[in-house]
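Okay, here's what each chain looks like letter by letter:
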Amino acid sequence: MTVEMFLEQAGIPLLIFVVCIYYAIRLLVLQDVNAIRGKDKAPVRDEKGYAMGAGKLLLFFAAATFLMGILVFINVYAAVAEIIVCIFLMGFLWKRMNRKYGA
């Protein structure tokens, strides 16, 4: 397997993995909630709780996209099914977190 073939199949999931890790670090370490919220959004109730919750969810999604990158080489249908389930789960958990800590 060449690098070109590897990037062709798993490039997008790995790029999403890196972006999720970047924003998770900004949330968990720097507590920068404004990195993921729009400028026109109201401030959150609990900034530290929101940053911790959102950072953990982004780490979950980073792990899901990394797993998808691996599953692409085993079975494409399993990779697509896994990421769809994780997107729905993350959406549910994000709404719950936003209800608890959000504006």
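## So, the overall build of the chain
Item 1. The helix and strand inventory of the chain stands at three helices and zero strands.
Item 2. Starting at the N terminus and walking to the C terminus, you meet the elements of the chain as α-α-α.
Item 3. C-alpha extents for the chain along the principal axes are approximately 50 × 25 × 20 Å.
Item 4. Among the 103 residues that make up the chain, the fraction classed as buried is 33%.
Item 5. Considering only intrachain contacts with a sequence separation of at least 6, the fraction spanning at least 24 residues in the chain is 66%.
Item 6. Within the chain, the 7 negative side-chain charges are centred at a point lying 14 Å from the centre of the 11 positive side-chain charges.

## Let's talk about the state of the cysteines
Item 1. Counting across every chain of the model gives zero disulfides.
Item 2. Cysteine Cys20 is unpaired, with the sulfur of Cys86 as its nearest cysteine sulfur at 11 Å.

## Details of the confidence of the model for the chain
Item 1. When pLDDT is averaged across the chain, the result is 86; 92% of the residues are at 70 or more.
Item 2. The element-level mean pLDDT for the chain is lowest in helix H1 (residues 3-28), coming to 82, with helix H3 (residues 76-101) highest at 92.

## Thoughts on the packing of helix H2 (residues 47-74) against H3
Item 1. It is at 9 Å that the axes of H2 and H3 come closest, and there the two elements cross at 175°. Judged on the interaxial angle alone, H3 and H2 are roughly antiparallel.
Item 2. Taken together, the residues of the contact of H2 with H3 break down into 24 nonpolar, four polar and one charged.

## Quick look at unusual backbone geometry
What is expected of a backbone is that most residues other than glycine have negative phi and most peptide bonds are trans.
Item 1. For Gln31, which is not a glycine, the phi torsion comes out positive at approximately 55°.
Item 2. With respect to the secondary-structure elements, Gln31 resides in the loop between H1 and H2.
Item 3. On the basis of relative accessibility, which here comes to 22%, the residue Gln31 falls in the partly exposed class.

## Digging into the pattern of salt bridges
Item 1. This structure, assessed with the given rule, holds one salt bridge.
Item 2. Of the charged contacts in the structure, one is a salt bridge between Arg26 and Asp32, with a shortest N-O distance of 2.3 Å.

## What to know about the nonpolar core
Item 1. Core analysis: the largest hydrophobic core is formed by 22 residues, its most contacted members being Tyr50, Leu58 and Met97.
Item 2. Tallying contributions element by element places H2 first for this core, with 11 residues.
Item 3. With residues near it in sequence (within four places) discarded, Leu58 still touches Cys20, Tyr23, Ala24, Leu27 and Met90.

The rules behind the values
- All residue numbers here refer to positions counted from 1 along the written sequence of the relevant chain.
- Under the rules for a predicted model, residues below a pLDDT of 70 receive no local features and side-chain atom pairs below 80 are neither given nor counted, while totals for whole chains, interfaces and linings still include all residues.
- Hydrogens and water are ignored here; the side-chain numbers use all heavy atoms of the structure.
- Helix and strand definitions follow DSSP, with helices as H or I runs of at least four residues and strands as E runs of at least two, each counted in order from the N terminus.
- Relative accessibility thresholds used throughout: buried, under 20% of the residue-type maximum; exposed, over 50%; partly exposed, between the two (1.4 Å probe, protein chains only).
- Any two residues whose heavy atoms approach within 4.5 Å are treated as being in contact.
- In this tally Asp and Glu are treated as negative and Lys and Arg as positive; neither His nor the chain ends contributes.
- Each charge is placed at NZ for Lys, CZ for Arg, CG for Asp and CD for Glu.
- Only a pair of cysteine sulfur atoms within 2.5 Å qualifies as a disulfide here.
- Per-residue confidence from the predictor is reported as pLDDT, a score between 0 and 100.
- Note on geometry: axes are C-alpha line fits, over the in-contact stretch for helices, and angles between N-to-C directions span 0 to 180 degrees.
- An angle below 35 degrees is read as roughly parallel, one above 145 as roughly antiparallel, one from 65 to 115 as roughly perpendicular, and any other as oblique.
- Each residue receives one of three labels: charged for Asp, Glu, Lys and Arg, nonpolar for Ala, Val, Leu, Ile, Met, Phe, Trp, Tyr, Cys and Pro, and polar for the others, Gly being one of them.
- By definition, a salt bridge exists where a carboxyl oxygen of Asp or Glu is found within 4 Å of a side-chain nitrogen of Lys or Arg.
- Side-chain atoms within 4.5 Å link the members of a nonpolar core, which is a set of buried Ala, Val, Leu, Ile, Met, Phe, Trp, Tyr and Cys residues.

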